[in-house]
Amino acid sequence: MAHFNSSDKPMDFDRGFVIDFDLKTGLSKTLETGKRYLGQMNGMFADQDAYDEKMKEGDPLIYEFHSMPVPETDGDLAFGCSIVNPGKVGDEYYFTKGHFHTILETGEIYYCLKGHGYMMMENPEGDWLALELTAGKAVYVPKRYAHRSINVSAHEQLITFFVFRADAGHDYGTIETKGYRKLLVEQDGKPVIIDNPNWK
Ligand code: NI
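Residues numbered from 1 in each chain as written. Predicted model: local features only at pLDDT ≥ 70, side-chain atom pairs only at ≥ 80, totals over all residues. Heavy atoms only, no water.

A. Looking closely at the coordination of the nickel ion. Within the protein, His99 (NE2), His101 (NE2), Glu108 (OE) and His147 (NE2) serve as the donor atoms for the nickel ion, at 2.0 to 2.2 Å. Considering all 4 donor atoms around the nickel ion, the spread of angles at the metal, 83 to 163 degrees, places the coordination shape in the irregular class. As a motif over one chain, the donors of the nickel ion read H-x1-H-x6-E-x38-H. Within this pair, whereas histidine 101 is found in strand β6 (residues 100-101), its partner histidine 147 is found in strand β11 (residues 146-151), the two being separated by 46 residues in sequence. No difference in accessibility class separates histidine 101 from histidine 147, as the two residues are buried. (Donors = N, O, S within 2.8 Å, 3.2 Å for Na, K, Ca; no water. Tetrahedral: all angles 85-135°; square planar, octahedral: opposite > 155°, others 65-115°. Helix = DSSP H or I, 4+ residues; strand = E, 2+ residues; numbered from the N terminus. Buried < 20%, exposed > 50% of the residue type's maximum accessible area, 1.4 Å probe, protein only.)

Put into structure tokens, the structure is as follows:
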């Protein structure tokens, strides 16, 4: 039985489906998001005193993202939106934890729907780059590069749509342990890249 219009159809990874993402919020009525609060990112921001101070005021939501029940095969694709709130810990902008793929030789696409930010990327060999994200820009994350979205806007969410090979897997531990080589901080009201003083 063919479907002509099927946006109310359940997710069917064998026959196709449609998901609506709200362009203003990145959210979907049918797909839940995972949420990351500041308290889940202890030790990841460079200024630990600023982190501790901010935690005393509450535990703000830093970002959320869709996690899709896609079969983890090399022929399927996982996708969804990542939504990073505006804010800073000390001078450092809010970011996603960032990860390598468990299958290191897999890339990813991020298409920016809204906001202003950077995709911070680095590979195990030490090459790094930060590519700008504004609405309409698509960033290609090459295989072997860890990737982290950073929101440099003072008031607007950074919303990106991502697609990656469904079996790629996520390695968060390496970044949580070592950190990134470079940080994006605000100096004189502008985003600036500095060396991470805590990089191991
Ligand atoms: Ni990824």
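The discussion continues.
B. Looking closely at the nonpolar core. Formed by 44 residues in total, the largest nonpolar core has its most connected members in Met41, Phe45, Val89, Met119, Val141 and Ile150. If you list the elements that add at least two residues to this core, you get α1 (48-56), β2 (61-66), β3 (77-84), β7 (108-114), β8 (116-122), β10 (138-141), β11 and β12 (158-165). (Core = buried A, V, L, I, M, F, W, Y, C linked by side-chain atoms within 4.5 Å.)

C. Inspection of the pairing of strand β9 (residues 128-134) at higher detail. Sheet analysis places β8 next to β9, joined by 7 bridges and oriented antiparallel. Bridging from a neighbouring strand, tyrosine 118 pairs with glutamate 132 of β9. Adjacent in sequence and paired antiparallel, β8 and β9 are bridged by 5 residues, among which glycine 126 carries a positive phi angle near 105 degrees. (Pairing = 2+ DSSP bridges.)

D. Quick peek at the sheet that holds β9. Here we have 3 strands laid out as an open sheet, ordered β9-β8-β11, and antiparallel in their pairing. Looking along the sheet, the strands with just one partner apiece sit at the ends: β9 and β11. In this sheet, neighbouring strand axes are inclined to one another by 20 degrees on average, regardless of whether the strands run parallel or antiparallel. (Axes fitted to C-alpha atoms, helices over the stretch in contact; angles between N-to-C directions.)

E. Representation of the pattern of salt bridges in the model. By the definition in use, this model includes 9 salt bridges. We note a salt bridge from lysine 35 to glutamate 64, for which the minimum N-O separation is 3.7 Å. Taken as a pair, lysine 35 in strand β1 (residues 33-37) and glutamate 64 in strand β2 lie far apart in primary sequence, 29 residues in all. Classification of lysine 35 by relative accessible area gives partly exposed; the value is 34%. Measuring nitrogen to oxygen at the nearest pair gives 2.3 Å for the salt bridge that ties lysine 182 to aspartate 195. Within this pair, whereas lysine 182 is found in strand β14 (residues 182-187), its partner aspartate 195 is found in strand β15 (residues 190-195), the two being separated by 13 residues in sequence. Classification of lysine 182 as buried rests on a relative accessible area of 18%. (Salt bridge = Lys/Arg side-chain N within 4 Å of Asp/Glu carboxyl O.)

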